[in-house]
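Summary of the model geometry
In case you want the letters, here they are:
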Amino acid sequence: MYKDKIEEIKKELQEVFKNINNLNELENIKVEYMGKNGKISLLNQMIKDIPNEEKREFGILVNELRSLFSEEYDTAKNNFEEQELNQKLASEKIDITLPGRKIKRGSLHPMTRITEEFEDIFVSMGYTVYEGPEIESDENCFQKLNLPKGHPARDAQDSFYLDGEYENYLLRSQTSTAQVRAMEECTAKGPLRIVCPGKVYRRDEDATHSHQFMQIEGLVIDENISMADLKGTLELFCKKILGEKTNVRFRPSYFPFTEPSVEVDVSCFKCNGKGCSLCKQTGWIEVLGAGMVHPNVLEMSGYDSKKYQGFAFGTGMDRFAMFKYGIPDIRTIYGNDIRFLKQFDRKDEE
Ligand code: DAH
């Protein structure tokens, strides 16, 4: 009789396991058969009605049934777990064959690049980089540079003045104004060695002139400074920025804030001095204004011109950028056209 019962459960189990759909159902089945009041567990209650000589066999059969259940249970459980994992993997699958999105790299603006080149060269010679404001007083921009009101040399710098109560202020027309600021800020009234790169403004507009452009100013003050220091420094600088083969020549010139004053030409780097359209067939290109700091300029900013001498120089950095990078029109430098700027991707540094 108990054999029938066991056989019945065995058969039932085969059907039951066939019809389970998920782990949840499987757990319910486990409770139904193997739980405290489960169908298999309850078989044990039959033992008291079984004759002694059959008890052993009964035990064996119940154990077999238990083993059968456990086997089926484990197999089903493994299957469902595997299925679940596969589903999860399928839903979280990343297609690594898709090409990645390329990160667009920016590039430094040509003026930033050339400014860094200038700064690097002068910093390597012991200069510090000094920055001044773009709105400047007439006093700092002109008067203290030996250009009093009405001085004819002011005409060369057609300037943008502010209105009303600020009429004595202008958008600085030259970075030379940094000379005045640096000297006045130097309370010790001692040695100085600065370069000041920055924007300047003049009423100008054509292919080689823009109302806004960039200059760099240099000032060295110390005892026993001579024209030889000026020449050596600027020759070295020109060779560093334009190439070792560059020849440099100095021509006498006039600037109100320097005496004597010079203009510095470099041999044309396009034709190597033979003469071409860039150098207007002369073989030379003018690049810098310079000179020995005028004693008046030193004195006006509190320096003892008997003890100290200095030299100063200034140049347009846009021109160097145009030469070095082959830019024909200065206006493209400030136009912010991405097609132009893209050409300065730092391929060399990739
Ligand atoms: N500031 C002058 C200009 O804008 C350039 C210059 C000339 C600067 C001679 C100097 C200098 O320091 O000594 O045209």
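Just so it is clear, the structure is predicted and the values come from calculations on it, not from any experiment. (Residues numbered from 1 in each chain as written. Predicted model: local features only at pLDDT ≥ 70, side-chain atom pairs only at ≥ 80, totals over all residues. Heavy atoms only, no water.)

1. Details of the overall build of the protein
Note the threshold: Secondary structure follows DSSP: runs of H or I at least 4 residues long count as helices, runs of E at least 2 residues long count as strands, and numbering of each begins at the N terminus. Both definitions apply: the radius of gyration is a C-alpha atom measure, and the globule rule equals 2.2 Å times residues to the power 0.38. A simple rule labels every residue: compare its accessible area, found with a 1.4 Å probe on the protein chains alone, to the largest value its type can have, and call it buried under 20%, exposed over 50%, or partly exposed in between. Whether two residues touch is decided by their heavy atoms; if any such pair falls within 4.5 Å, the residues are in contact. For accessible areas, the Shrake-Rupley method is used with a probe of radius 1.4 Å. Any residue's cover is judged against the shown protein chains and nothing else.
Broken down by element type, the protein carries twelve helices and nine strands. The C-alpha radius of gyration of the protein comes to 45 Å, more than 25% above the 20 Å expected for a compact globule of 350 residues. If one aligns the C-alpha atoms of the protein with their principal axes, the spans along those axes are about 135 × 50 × 45 Å. Counting every position in the protein, which comprises 350 residues, the buried fraction comes to 40%. Across the protein, every contact between residues at least 6 apart in sequence was considered, and the portion connecting residues at least 24 apart equals 67%. Total accessible area computed for the protein in this model is approximately 20,600 Å², and 49% of it derives from carbon and sulfur atoms.

2. Observations concerning the nonpolar core
The test is simple: We call a set of buried residues a nonpolar core when its members are Ala, Val, Leu, Ile, Met, Phe, Trp, Tyr or Cys and they connect through side-chain atoms within 4.5 Å of each other.
By size, the foremost hydrophobic cluster in this structure holds 46 residues, and its most contacted members are Phe118, Phe237 and Phe313. Sort the elements by how many residues they give to this core and helix H8 (residues 227–242) lands first, with six residues. If we ignore the near neighbours within four places in the chain, the residues touching phenylalanine 118 are Ile216, Phe237, Ile241, Thr315, Met317 and Phe320. Grouped together as the second largest cluster of nonpolar side chains are 23 residues, Leu147, Leu219, Phe257 and Val293 included.

3. Brief notes about the site of the ligand
Where we set the bar: We define proximity as follows: a residue is near a molecule or strand when any one of its heavy atoms falls within 4 Å of that partner. Here a polar contact means two N or O atoms within 3.5 Å. Within protein one must be a hydrogen donor candidate and the other an acceptor candidate, and residues neighboring in sequence count only if both atoms are side-chain atoms. Every definition here rests on a 1 Å grid over the protein atoms only: cavities are sets of points where a 1.4 Å probe fits but cannot get out, pockets are open sets enclosed by protein on both sides within 12 Å along at least five of seven lines, and lining residues have some atom within 4 Å of a point. Any molecule with more than half of its atoms within 2 Å of a cavity's or pocket's grid points is counted as sitting in it. The classification used treats Ala, Val, Leu, Ile, Met, Phe, Trp, Tyr, Cys and Pro as nonpolar, Asp, Glu, Lys and Arg as charged, and all other residues, Gly among them, as polar.
Gln174, Ser176, Arg202, Gln215 and Glu217 are the nearest of the 16 residues found near the ligand. Within the side chain of glutamine 215, an N or O atom sits 2.8 Å from an oxygen atom of the ligand. Taken by itself the ligand offers 360 Å² of open surface, and the protein chains cover 90% of this. Taken atom by atom, the bulk of the ligand overlaps the largest pocket. Where the shell around the ligand is concerned, the elements lending two or more residues are strand E5 (212–222), strand E8 (284–293) and strand E9 (309–316). Looking at the shell around the ligand residue by residue, the class counts come to five nonpolar, nine polar and two charged.

4. Description of the packing of aromatic side chains
Stated precisely, the cut-off is as follows: Two rings belonging to Phe, Tyr or Trp (six-membered ring only in the last case) form a pair when the distance between their centres is within 6.5 Å. Interplanar angles under 30 degrees mark stacking, angles over 60 mark edge-to-face geometry, and anything in between is tilted.
Overall, the coordinates contain 17 aromatic pairs when judged by the stated rule. With a centroid separation of 5.2 Å and 85 degrees between ring planes, the pair formed by tyrosine 2 and phenylalanine 58 is classed as edge-to-face. Residue tyrosine 2 is located in helix H1 (residues 2–18), and its partner phenylalanine 58 is located in helix H4 (residues 52–91); the two are separated by 56 residues in the primary sequence. The same class applies to tyrosine 2 and to phenylalanine 58, which are both buried. For the pair tyrosine 303 and tyrosine 308, a centre-to-centre distance of 5.7 Å together with 80 degrees between the ring planes defines the contact as edge-to-face. On the accessibility criterion, tyrosine 308 (8% relative accessible area) is buried. One aromatic cluster is present, formed by Phe118, Phe122, Tyr127, Phe237, Phe311, Phe313 and Phe320 through successive ring pairs.

5. Points about the layout of surface pockets
Going by this rule: Grid points are joined across faces, edges and corners, and a volume is the space filled by probe spheres set on the points.
Looking at the largest pocket, its volume works out to about 1,400 Å³. Lining the largest pocket are 49 residues, and of these His209, Glu286, Val287, Gly316 and Arg319 lie nearest its centre. If you list the elements that add at least two residues to the lining of the largest pocket, you get E5, strand E6 (248–255), strand E7 (258–267), E8, E9 and helix H10 (317–325). A per-element tally of the lining of the largest pocket places E8 first, with eight residues.

6. Some words on the environment of tyrosine 325
Here tyrosine 325 is to be found in helix H10. Along the sequence, tyrosine 325 and isoleucine 114 sit 211 residues apart, while their C-alpha atoms lie 9.5 Å from each other. The contacts of tyrosine 325, once residues within four sequence positions are left out, are Pro110, Arg113, Ile114, Glu117 and Phe344.

7. Quick look at a negative patch on the surface
Put simply, the test is: Every patch collects residues that have over 30% relative accessible area and no salt bridge, joining them within 9 Å if they carry like charges and within 5 Å if they are nonpolar side chains (Val, Leu, Ile, Met, Phe, Trp, Tyr). For salt bridges, the criterion is a side-chain nitrogen of Lys or Arg within 4 Å of an Asp or Glu carboxyl oxygen. Two residue types count as positive, namely Lys and Arg, and two as negative, namely Asp and Glu; His and chain ends fall outside the count. We put the charge of a Lys on NZ, of an Arg on CZ, of an Asp on CG and of a Glu on CD.
A cluster of acidic residues, Asp155, Asp158, Asp204, Glu205 and Asp206, forms a negative patch on the protein surface. When its relative accessible area of 32% is taken as the criterion, aspartate 204 is described as partly exposed.

8. Observations regarding a nonpolar patch on the surface
Taken together, the side chains of Ile135, Tyr166 and Tyr169 make up a nonpolar region of the molecular surface, amounting to roughly 300 Å² of accessible area. Tracing the sequence through the fold places tyrosine 166 in the loop between helix H6 (138–141) and strand E3 (169–171). Tyrosine 166 sits in the partly exposed class, given a relative accessible area of 45%.

9. Digging into the pattern of salt bridges
Scanning the model with the defined rule gives 16 salt bridges in all. The salt bridge involving lysine 324 is made with glutamate 117; its shortest N-O contact spans 2.8 Å. Here glutamate 117 lies in helix H5 (residues 110–124) and lysine 324 lies in helix H10, a separation of 207 residues in the sequence. A relative accessible area of 33% places lysine 324 in the partly exposed class. Sharing partners across several salt bridges, the network here consists of Arg249, Arg251, Glu263 and Asp265.

10. Some remarks on the sheet that holds E8
This is how it is decided: Note on pairing: two strands pair once DSSP finds at least 2 bridges between them.
Taken in spatial order, the seven strands make up an open sheet running E1-E4-E5-E9-E8-E7-E6, and their pairing is mixed. On the outer flanks of this sheet lie strand E1 (128–129) and E6, each paired with one strand and no other. Across seven bridges, E6 lies against E7 in antiparallel orientation. Considered in E7, the bridge of serine 253 is made with serine 261.

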